[in-house]
Amino acid sequence: DTEVTQTPKHLVMGMTNKKSLKCEQHMGHRAMYWYKQKAKKPPELMFVYSYEKLSINESVPSRFSPECPNSSLLNLHLHALQPEDSALYLCASSQEPSQMTGGGETQYFGPGTRLLVL
Amino acid sequence: GQQVMQIPQYQHVQEGEDFTTYCNSSTTLSNIQWYKQRPGGHPVFLIQLVKSGEVKKQKRLTFQFGEAKKNSSLHITATQTTDVGTYFCAARPNNFNKFYFGSGTKLNVKP
């Protein structure tokens with residue numbers, strides 16, 4: 001199983017709503033990532049979890065709150081978002097975090113959640 | 001901050017023509033990865049390059065890592081319509097624990 005799954009596929013939310021994005025992988029990967037991708041732009045790293053601990057937060061606003069309940073699951077909790085937060089949110093996983101050497105850094109991306117904030 | 005420049009931004013080719021995208025970094029890289037994202041899809045890993053001057057081939061795709069480990073290229077020979085998509089490099093500078101994505105090159109192939 002080399003798949004990363006994400007739910008929901010699409011999400012429309014108002015600026016006062018609270019919602020969560022979910023990501024799951026069963027490859028035994030120890031690093032999981034959240035990226036944000038706007039149209040015609042590259043993915044932008046938001047958060048990295050290494051061995052279930054938050055290792056990188058790219059100065060993401062607090063209205064985005066990540067959570068890693070266990071080694072297979074990664075959530076992104078959304079609250080009081082702005083219209084400019086509308087984007088494709090991608091989850092990825094890799095065998096090892098990038099500070100390790102010798103490979104294992106290949107990132108497997110999920111299909112993403114297309115978020116629209118009204 | 002770290003910058004990874006990728007050119008060209010767009011490339012339109014006739015089916016059968018060759019295509020090349022280039023990725024350049026201002027700092028020495030530990031390794032570099034290439035991804036392909038189809039329209040409406042998500043990035044899919046293609047290859048990782050680690051060694052100075054490394055060349056890897058996957059069928060019609062040839063990947064190179066520069067001798068100074070500051071640049072890389074992806075070359076597609078005899079493009080096909082299935083090659084359509086955006087190609088991203090993702091570079092990890094020395095002593096950094098994350099990858100920086102290039103801006104991507106969008107390839108369109110006319111049949």
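Structure: above.
Residues numbered from 1 in each chain as written. Chains lettered and ligands numbered in written order. Predicted model: local features only at pLDDT ≥ 70, side-chain atom pairs only at ≥ 80, totals over all residues. Heavy atoms only, no water.

Draft legend 1. View of the overall build of chain B. Looking only at helices and strands, chain B features 0 helices and 11 strands. Its C-alpha atoms give chain B a radius of gyration of 13 Å, within 12% of the compact-globule value 13 Å for 111 residues. Dimensions of chain B, computed from C-alpha atoms along their principal axes, come out at roughly 45 × 25 × 20 Å. Within chain B, buried positions represent 50% of all 111 residues. Nonlocal contacts in chain B, meaning residues at least 24 apart in sequence, comprise 54% of its contacts between residues at least 6 apart. Total accessible area computed for chain B in this model is approximately 5400 Å², and 50% of it derives from carbon and sulfur atoms. Computed over 13 positive and 6 negative side-chain charges, the separation of the two mean positions in chain B equals 10 Å. (Helix = DSSP H or I, 4+ residues; strand = E, 2+ residues; numbered from the N terminus. Rg over C-alpha atoms; globule rule 2.2 N^0.38 Å. Buried < 20%, exposed > 50% of the residue type's maximum accessible area, 1.4 Å probe, protein only. Contact = heavy atoms within 4.5 Å. Areas by Shrake-Rupley, 256 points an atom, 1.4 Å probe, with all protein chains shown as cover. Lys, Arg positive; Asp, Glu negative; His and termini not counted. Charge placed at Lys NZ, Arg CZ, Asp CG, Glu CD.)

Draft legend 2. Examining the pairing of strand E5 (residues 44–49) of chain B more closely. Residues and elements named next belong to chain B. Across 5 bridges, the pairing between strand E4 (residues 29–37) and E5 is antiparallel. If you follow lysine 36 over to E5, its bridge partner there is valine 44. Where E4 hands over to E5, the hairpin turn is made up of 6 residues, of which glycine 40 adopts a positive phi near 75°. (Pairing = 2+ DSSP bridges.)

Draft legend 3. The pairing of strand E6 (residues 55–58) of chain B, seen in detail. All names here are of chain B. Bridge count for E6 against strand E7 (residues 61–65) is 4 bridges, and the pairing is antiparallel. Across the sheet, residue glutamine 58 finds its bridge partner in E7, namely leucine 61. Counting the residues in the hairpin turn of E6 and E7 gives 2 residues, including lysine 59, whose phi is positive at 50°.

Draft legend 4. Examining the state of the cysteines more closely. Within this structure, the stated rule accounts for 2 disulfides over all chains. Shown here is the disulfide that connects A:Cys23 with A:Cys91, its sulfur atoms set 1.9 Å apart. Between A:Cys23 and A:Cys91, the disulfide has an S-S torsion of -70° and is therefore left-handed. Here the residue A:Cys23 occupies a position in strand E3 (residues 18–25), and A:Cys91 occupies one in strand E9 (residues 87–94), the gap between them amounting to 68 residues. Looking at A:Cys23, the relative accessible area reads 1%, which means it is buried. Given a relative accessible area of 0%, A:Cys91 falls into the buried group. A sulfur-sulfur separation of 1.9 Å characterises the disulfide bridge that pairs B:Cys23 with B:Cys89. (Disulfide = S-S within 2.5 Å.)

Draft legend 5. Spatial organisation of the interface of chain B and chain A. With 19 residues of chain B at the interface, the matching set in chain A holds 22 residues. When the two sides are added together, the surface that chain B and chain A hide from each other amounts to roughly 1600 Å², 53% of it contributed by carbon and sulfur. At the surface where chain B touches chain A, the tally comes to 2 salt bridges. For B:Arg92, the salt bridge identified is with A:Glu105, shortest N-O distance 2.8 Å. Taken together, chain B and chain A are joined by 7 residue pairs in polar contact (both at pLDDT 80 or more). (Buried area = accessible area lost by both parts, 1.4 Å probe. Salt bridge = Lys/Arg side-chain N within 4 Å of Asp/Glu carboxyl O. Polar contact = N/O pair within 3.5 Å; in protein donor to acceptor, adjacent residues only side chain to side chain.)

Draft legend 6. Summary view of the sheet that holds E3(A). All names here are of chain A. Read from one edge to the other, the open sheet built from 4 strands follows the order E1-E3-E8-E7, with strand pairing classed as antiparallel. Looking along the sheet, the strands with just one partner apiece sit at the ends: strand E1 (4–7) and strand E7 (64–70). Here the strands of the sheet are splayed against their neighbours by 20° on average, with no regard to which way each runs. By the bridge criterion, 7 bridges tie E3 to strand E8 (residues 73–79) in an arrangement that is antiparallel. Looking at the pairing, lysine 19 lines up with leucine 78 of E8. (Axes fitted to C-alpha atoms, helices over the stretch in contact; angles between N-to-C directions.)

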